[in-house]
Every structure is written in structure tokens, then in C-alpha cells.
Amino acid sequence: MIMFLSFRGKDTRHTFTDFLYGPFNRANINTFRDDGKLPRGEEISPELLKAIEGSSMECEKEKRQNVLPIFYHVEPTEVKNQSGIYGEAFKNRETNANEEKKKKIREWRAALRKAGQSNGFHLQNGSEAKLIEDIFGVIRRLIPKVVHVGENIVGIDEDLKQVKLLIDAKSNEVRMVGIYGIGGIGKTTIAKVIYNDMLDQFKHHSFLENVGEGSKDGHGLLQLQEKLLCDILIDKKMKLHNVDQGIEMIKSKKLKFLADSPKWFGGGSIIIVTTRNKRCLDVNKAYSSYEAKGLVEDKALEFFSWNAFQQNHVADNYMDICNHVLHHAKGLPLALVLSGSFLFQRGKKEWESTLDRLKTIPLDDIQKVLRITYDGVDDRCKKVFLDIACFFKDWREKGVTRILEGCRFYPKIELKVLDERCLISISDGFIRMHDSLQEMGWAIVCEK
């Protein structure tokens, strides 16, 4: 975005305009203004004119630019009707003006009439600081910083509907929602789409990715703190010296980094977190939780088709082999993306060979994502996970519990931890495990 601060009349260059310029500059919004060397009433410099591609109200009509008039100690009606000092100024300009200048003056009269009718900002006796804050808030909404989601996202409409019901955007309370599920199930995608969809409703916002990985050491945590503060305070030049300084600054701004209590946020705030660890949400009653469950069969097929064929349907004579891929992926978006991208523009024999290979050798990128959760549990839980992957998938929980207890494990807590980490699920008395997680378990056993 390019913004031009255009002003004439009383010199506000070193007062109001300068104060207005400061926050835009700190927020890295390309902002141009008069260089201060121009005689009153003269045109702006050619270099600046080129940079902003014109400064008049015509930009709104011809280039679809947003024009926000600020009525600084002047009544909007005076601008609209060109009365008072505006009328005098135009009258003086029109005296002895040639036809070309008269045409230009008529254009400016029309532009000012439109500006006077616009819903701009008016300051007469109020606070300049408050006005600047309001102006900056509106400008920021005009340039929302969307996060990249990707193309051809399908099958998450129901997820979005359910999460938004938990958010309840009409409420003025602080809303905290957690989305949990196994790696690659689409938690971050859901959060990104909701973030982009609601962005323009908030003056301050931030999207932090890979918080779990980034916060493992002091340097990564420091970078996350800096990004959060830069986004919220809109100061891209902010630098922190250490994590403790970041914590104190976050507290002073009513933002607690781990977002564990609504009391740290202003009314109407929305906090969305994604996690592989359901217990993080269970122990904090402030959060409403939602489980991301992957794609249903028809949406999984469409999503796979976009990645494998670059279209929303399966290519001719590939349906049978695609069904095998879908059976293998079990609705896991990550598996559908990686397998589809790998098979794109490959022949049918290569597809068949790849499917045979996947039965014994899973795609490395899928395993890397899933293994993050496995690496996060203790050694005894890892052993129980591997036993389930190799022997006890789809067994009754009671039977598995008796066997593990006989092997001197403590399955009541270890199975609970694995369930909380979304490495298994326990439903209707049976222990379930996603095929991709089971294949990861097999691969880990083979490594040993």
C-alpha cells in the first residue's frame, strides 16, 4: 500500500501531519508527504507525484483509491459549500485565470464538494492524539494483513461453521477457542481462514505460526514476542533485548503471551490456538475446544484431485487407483496434498508403483510432521504407542489395558496421554489409530 498525506493551508507539517506520519512510518506503510520545500499553492514535486500517481480526489474515481478527508479545525460544510476562507481562496484564484486554470479550479471545486460530503474525520476542539489513533485504525483496516492459506481449499465449511459458533462474534466478551487434532489434519488452515475472514473487524491483530517449535529456546521465544508486539502495537522497528523484557512489555499492554486467561484481554477480543495436545485445552476452562477431524470422502477426493490433476475431479481411468489413495490417506489433508503433488503428471504405472511403495515406506514429509507429536511424549508412552501400532490397533481398551499392566506399564495414564496428544483415539471402548500414525510407528520400529 502507498499512502499520501496531502495538506495545504495552515502549516501542520511539524505538528499534526508530523504526528500522523510517525505511526504510519513505524508500521512500514509506505507514506509520502510534501517535502517541505514547496512554495504555498505550488504543485508537488514530480518525483513525489510519480510515486503516488496523482494526489487529487480524482484518484478515488480513476484509480479506485480510498480518500479519507480530515477536517482539521474547519467545518465540513465550509469545504462542501466553499464558503469562508475556501470561497475567498477560489475567488482569488479565478481572478485573471486563463481557461486551463479555470478548468483545473472547477475540478478542485467538484473534488472538495465530494470531500465535504464524505464520511471523513473532523477535529475542532477534541483530542488530536485520539483522532490520530482513530485514523490509524481505519487505515489499518483498509490494508488487512491476510495470512497465506493456499489454493483450492475444500471441505472445511462445517469446521468454520462450528468454530465460529464457539467464537460468537456478536459477544463483547473475550472468546478463547482451541482447535486440536493430529498433525496435518488441517487445524492451522481452519485458523487461518477464520483469521482472514474476521481481520477487518479488529484494529489490532496478529497471527503467530509454529509457536510450539519456535518457543523451545530463548531465541525463538524472543522472536515470537517481537512479532506479537510488532503486530499489536504496529511498530515494525521494535526490538527486545531478552525474553523477560518481552514478558513485562506484553503484561503492560494487557497481552499475556501464553493466552491462559481472558482477564488479560480487552472486551471483544478473540484468541484462537491450535494444538496437538488436547490436555492444554482441558486444563484451561477458559477455552472452548473443537476437534479437527479431516475430510469426508467426497471432499477428500476433490482435494486430492486438485493436487494430482490440477482440477476438481478425477482424470479418466484413474478412479480405482484414486480410491486406493483415499483409503490410505483416511481424510488426512497433509497426506492428500503430498501424495497428490507427488503423483502429479506421472503415468498410471508410476501411480501403481507408488501405491505399492506406500504400503511399506510412507512419505517422509508426512512422517516428519506426525513425529513431532510422538517425540513430545515420554519413553514409556512411546513404547505403548508402538505396541498399539504393531499389535493393538482396533482392540478393546479393556483387553489392551490388562496386557499392558501385565508388562508393568501404567496404561490408564499412558493411554490417556496418547489420546490427549491425538496419537490414538478411544471411542466406544475401542482404541483407534489413524493409518498414517500406524505407518509412522512401523517405520520407527524398523529404524530400531
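Presented here is a report on the structure given in the accompanying data block. All figures in this text were calculated on a predicted structure; none of them were measured in a lab. Residue numbers restart at each chain and count upward from 1, following the sequence in its written direction. With pLDDT at 70 or above as the cut-off, local features in this predicted model cover only qualifying residues; side-chain atom pairs require 80 or more to be listed or tallied, and sums for whole chains, interfaces and linings still use all residues. Heavy atoms throughout the structure, all of them, feed into the side-chain values; hydrogens and water do not.

The helix count covers DSSP runs of H or I at least four residues long, the strand count covers runs of E at least two residues long, and both are numbered beginning at the N terminus. Among the secondary structure elements, F392 is positioned in helix α19 (residues 379-392). Apart from the residues within four sequence positions on either side, F392 is in contact with D387, V400, I403, L404 and I431. Contacts were defined at the residue level, with two residues in contact if any of their heavy atoms lie within 4.5 Å.

Attention shifts here to the pattern of salt bridges. Any carboxyl oxygen of Asp or Glu within 4 Å of a side-chain nitrogen of Lys or Arg constitutes a salt bridge here. Here the structure, examined in full by the defined rule, presents 16 salt bridges. For D197, the salt bridge goes to K164, with nearest N and O atoms at 2.3 Å. Placement of the pair is D197 in helix α9 (residues 187-198) and K164 in helix α8 (residues 157-167), with a sequence separation of 33 residues. We classify D197 as partly exposed; its relative accessible area is 44%. Note that R279 is salt-bridged to E420, the shortest N-O span being 3.9 Å. Pair noted here: R279 is in helix α13 (residues 279-282) and E420 is in helix α21 (residues 411-420), with a separation of 141 residues, a long-range link. The buried label applies to any residue whose accessible area, calculated with a 1.4 Å probe on protein chains only, is under 20% of its type's maximum; exposed applies above 50%, and partly exposed to all values in between.

The buried fraction of strand β5 (residues 175-180) amounts to six of the six residues, a majority that puts the element mostly inside the structure. On β5, burial covers both faces: R175, V177 and I179 on one face and M176, G178 and Y180 on the other are all buried. When DSSP finds two or more bridges between two strands, those strands count as paired. Note: β5 against strand β7 (residues 287-291), five bridges, orientation parallel. Bridging across to β7, V177 finds its partner in S288.

Within the largest apolar cluster, 73 residues are counted, with the highest numbers of intra-cluster contacts made by F304, W351, F385 and I388. The dominant element in this core, judged by the number of residues it contributes, is α19, at seven residues. In contact with I388, not counting residues within four places along its chain, are K393, L415, L418, I424, I431 and M433. For the purposes of this section, nonpolar cores are sets of buried Ala, Val, Leu, Ile, Met, Phe, Trp, Tyr and Cys residues that join through side-chain atoms within 4.5 Å. Counting eleven residues, the second-largest nonpolar core is a separate cluster that includes L131, I132, I135 and F136.

In this structure, Q82 sits in the loop between α4 (76-81) and α5 (84-94). Using a relative accessible area of 8% as the deciding quantity, one classes Q82 as buried. N or O atoms closer than or at 3.5 Å make up a polar contact, with two conditions inside protein: a donor-capable atom paired with an acceptor-capable one, and, for residues adjacent in sequence, both atoms drawn from side chains. Within polar-contact distance, the side chain of Q82 engages the side chain of R109 at 2.9 Å. The contact partners of Q82, leaving out residues within four places of it in the chain, are T77, G87, F90, R109, L112 and R113.

Turning to the packing of aromatic side chains, a few remarks are in order. Aromatic ring pairs: the centre-centre distance and the angle between the two ring planes describe each pair. Ring pairs shown here join Phe, Tyr and Trp side chains whose ring centres sit within 6.5 Å, with only the six-membered ring taken for Trp; geometry is labelled stacked below 30 degrees between planes, edge-to-face above 60, and tilted in between. Applying the stated rule across the entire model yields eight aromatic pairs. Judged by centre distance (4.9 Å) and plane angle (65°), the ring pair of F392 and W395 falls under edge-to-face. You can call W395 partly exposed: its relative accessible area is 38%. Each residue in the set F304, F309, Y318 and W351 is aromatic and connected to the rest through ring pairs, giving one cluster. Over the face of the ring belonging to Y374 we find K382, whose NZ or CZ atom lies 5.5 Å from the ring centre. Lysine NZ or arginine CZ positioned within 6 Å of the ring centre and within 35 degrees of the ring normal marks a charge as sitting over the ring.

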